[in-house]
Amino acid sequence: MAIIHNTTMTPGKLELLASWLPAQPWYLGTEREPVLTKAGGFRLDDPEGEVGIEFMVVRDESGDRPVSYHVPLSYRGAPLDGADQALVGTSEHGVLGRRWLYDGTHDPVLVAQLLALLQGLAEPQAQSLTDTPDPSVTSSFAGSGFPTAVKSIAVANGSHGTRLTVETGAARQLSVRVTRVLEPDPQAPGTNPAGAQGYVTAGWRLPDGGESRGVFAVLGDPAP
């Protein structure tokens, strides 16, 4: 169970993301510096209790229209070997000390728990409360189950999302698409994306105070 501490992080997550986001291929902003607001998200627990796992939604209002981005983040007490290219930044946590923040699509602990969530084997948790499930996050899965232990991850970023090719402990390859630019889906959570074996939907806040929902991640057919 992850404990949510009521403390500070210096620099803050939004400050780190404002520097990191413009370098991502799926960022739709202008040359102006991002103006970010936290607009939603949820957490998952690391079974070992070592890595923080958050699926954050940030809204950028620097352009002509607001854009909401889905940013999976992992928080570690030491650097993740071989993941320098995925480092968002480091921050001093008021309780835990220095934390290394990573683009979670490169982190095997986060990806393993995302695979568990896609199969309905992990319980989503509230973003800012300890030991509080978030029933608004929904998942759907069809097919036979598979181990979630991650042996390797190949990450490919596109203009609107990130494609993961994941090799699991059963020497099986899985394809996972992580949505980055969030779009409201009026049918969510009832929509089954084409070719999906499983998917996760969640909500986020709109600039006018309303709520929207959409697909955060899709499990596709196994990679050849």
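Bear in mind that the values here come from a model prediction, so they are computed numbers and not experimental data. (Residues numbered from 1 in each chain as written. Predicted model: local features only at pLDDT ≥ 70, side-chain atom pairs only at ≥ 80, totals over all residues. Heavy atoms only, no water.)

(A) Structural context of the overall build of the chain. Regarding its fold elements, the chain presents two helices and twelve strands. Its helices and strands in sequence order give the chain the pattern β-α-β-β-β-β-β-α-β-β-β-β-β-β, from N to C terminus. By the burial criterion, 47% of the 224 residues in the chain qualify as buried. Counting contacts in the chain only where the partners sit at least 6 residues apart, residues at least 24 apart contribute 58% of the total. Surface accessibility of the chain: about 10400 Å² in total, with carbon and sulfur atoms responsible for 50%. (Helix = DSSP H or I, 4+ residues; strand = E, 2+ residues; numbered from the N terminus. Buried < 20%, exposed > 50% of the residue type's maximum accessible area, 1.4 Å probe, protein only. Contact = heavy atoms within 4.5 Å. Areas by Shrake-Rupley, 256 points an atom, 1.4 Å probe, with all protein chains shown as cover.)

(B) The nonpolar core, seen in detail. Membership of the largest hydrophobic core comes to 31 residues, with the highest contact counts inside it found for Phe42, Leu114, Leu115 and Val176. Going through the elements one at a time, β2 (36-44), β3 (52-60), α2 (108-118), β9 (161-168), β10 (173-179), β11 (198-205) and β12 (211-219) are the ones with two or more residues in this core. With eight residues, the top contributor of residues to this core is α2. Once residues within four sequence positions are removed from consideration, Phe42 is found in contact with Glu54, Phe55, Leu117, Pro124, Gln125, Gln127, Asp134, Val137, Val200, Ala202 and Phe216. In this structure, Leu21, Trp26, Val67 and Tyr69 belong to the second largest nonpolar core, which totals 18 residues. (Core = buried A, V, L, I, M, F, W, Y, C linked by side-chain atoms within 4.5 Å.)

(C) Highlighting the sheet that holds β11. Taking strand neighbours across the sheet as the criterion, the six strands line up as β7-β11-β12-β10-β9-β8 in an open arrangement whose pairing is antiparallel. Each edge of the sheet is formed by a strand with only one pairing partner; in this case those strands are β7 (138-141) and β8 (150-157). Along the sheet, successive strands turn relative to each other by an average axial angle of 20°, direction set aside. Pairing geometry for β8 and β9, over seven bridges, is antiparallel. In the strand pairing of β9, Ala154 is matched with Thr165. Relative to the sheet, α2 contacts β7, β8, β9, β10, β11 and β12, its axis offset from that of β8 by approximately 90°. (Pairing = 2+ DSSP bridges. Axes fitted to C-alpha atoms, helices over the stretch in contact; angles between N-to-C directions.)

(D) Region of the structure containing the pattern of salt bridges. Per the stated rule, a full pass over the model turns up seven salt bridges. One salt bridge connects Glu61 with Arg59, and the closest N-O pair in it is separated by 2.8 Å. Exposure remark for Glu61: the relative accessible area of 38% places this residue in the partly exposed category. Taken together, the shared-partner salt bridges connect Lys13, Arg43 and Glu54 into one network. (Salt bridge = Lys/Arg side-chain N within 4 Å of Asp/Glu carboxyl O.)

(E) How the structure looks around the pairing of β9. If you look at the hairpin formed by β8 and β9, you'll find three residues sitting between the two strands. Relative to β10, β9 runs antiparallel, the two being bridged by seven bridges. Bridge assignment links Val166 to a residue of β10, and that residue is Leu174.

(F) Seen up close, the side chain of Arg99. Its place among the elements puts Arg99 in strand β6 (residues 97-103). Within the local environment of Arg99, its side chain forms a polar contact with the backbone oxygen of Tyr75, the two atoms lying 3.3 Å apart. (Polar contact = N/O pair within 3.5 Å; in protein donor to acceptor, adjacent residues only side chain to side chain.)

(G) How the structure looks around the packing of aromatic side chains. Within this structure, the stated rule accounts for seven aromatic pairs. Plain terms: the ring middles of Trp26 and Tyr69 are 5.9 Å apart, the flat faces sit at 45° to each other, and that makes the pair tilted. With Trp26 in the loop between α1 (13-20) and β2 and Tyr69 in strand β4 (residues 67-76), this residue pair connects regions lying 43 residues apart in the sequence. Grouping residues by exposure puts Trp26 and Tyr69 together as buried. A centroid spacing of 6.1 Å and a plane angle of 70° characterise the contact between Phe141 and Phe146, whose relative ring orientation is edge-to-face. Classification of Phe146 by relative accessible area gives buried; the value is 8%. (Phe/Tyr/Trp six-rings, centres within 6.5 Å; stacked < 30°, edge-to-face > 60°.)

(H) Highlighting the pairing of β3. The element β3 is extensively covered by neighbouring structure, given that nine of its nine residues are classed as buried. Neither face of β3 is exposed, since Gly52, Glu54, Met56, Val58 and Asp60 on one face and Ile53, Phe55, Val57 and Arg59 on the opposite face are all buried. Relative to β3, β2 runs antiparallel, the two being bridged by eight bridges. Across the sheet, the residue bridging to Lys38 is Val58, located in β3. By the bridge criterion, nine bridges tie β3 to β4 in an arrangement that is antiparallel. Following the sheet pairing, Val57 is matched in β4 by His70. In this structure, the hairpin formed by β3 and β4 is closed by a connection of six residues.

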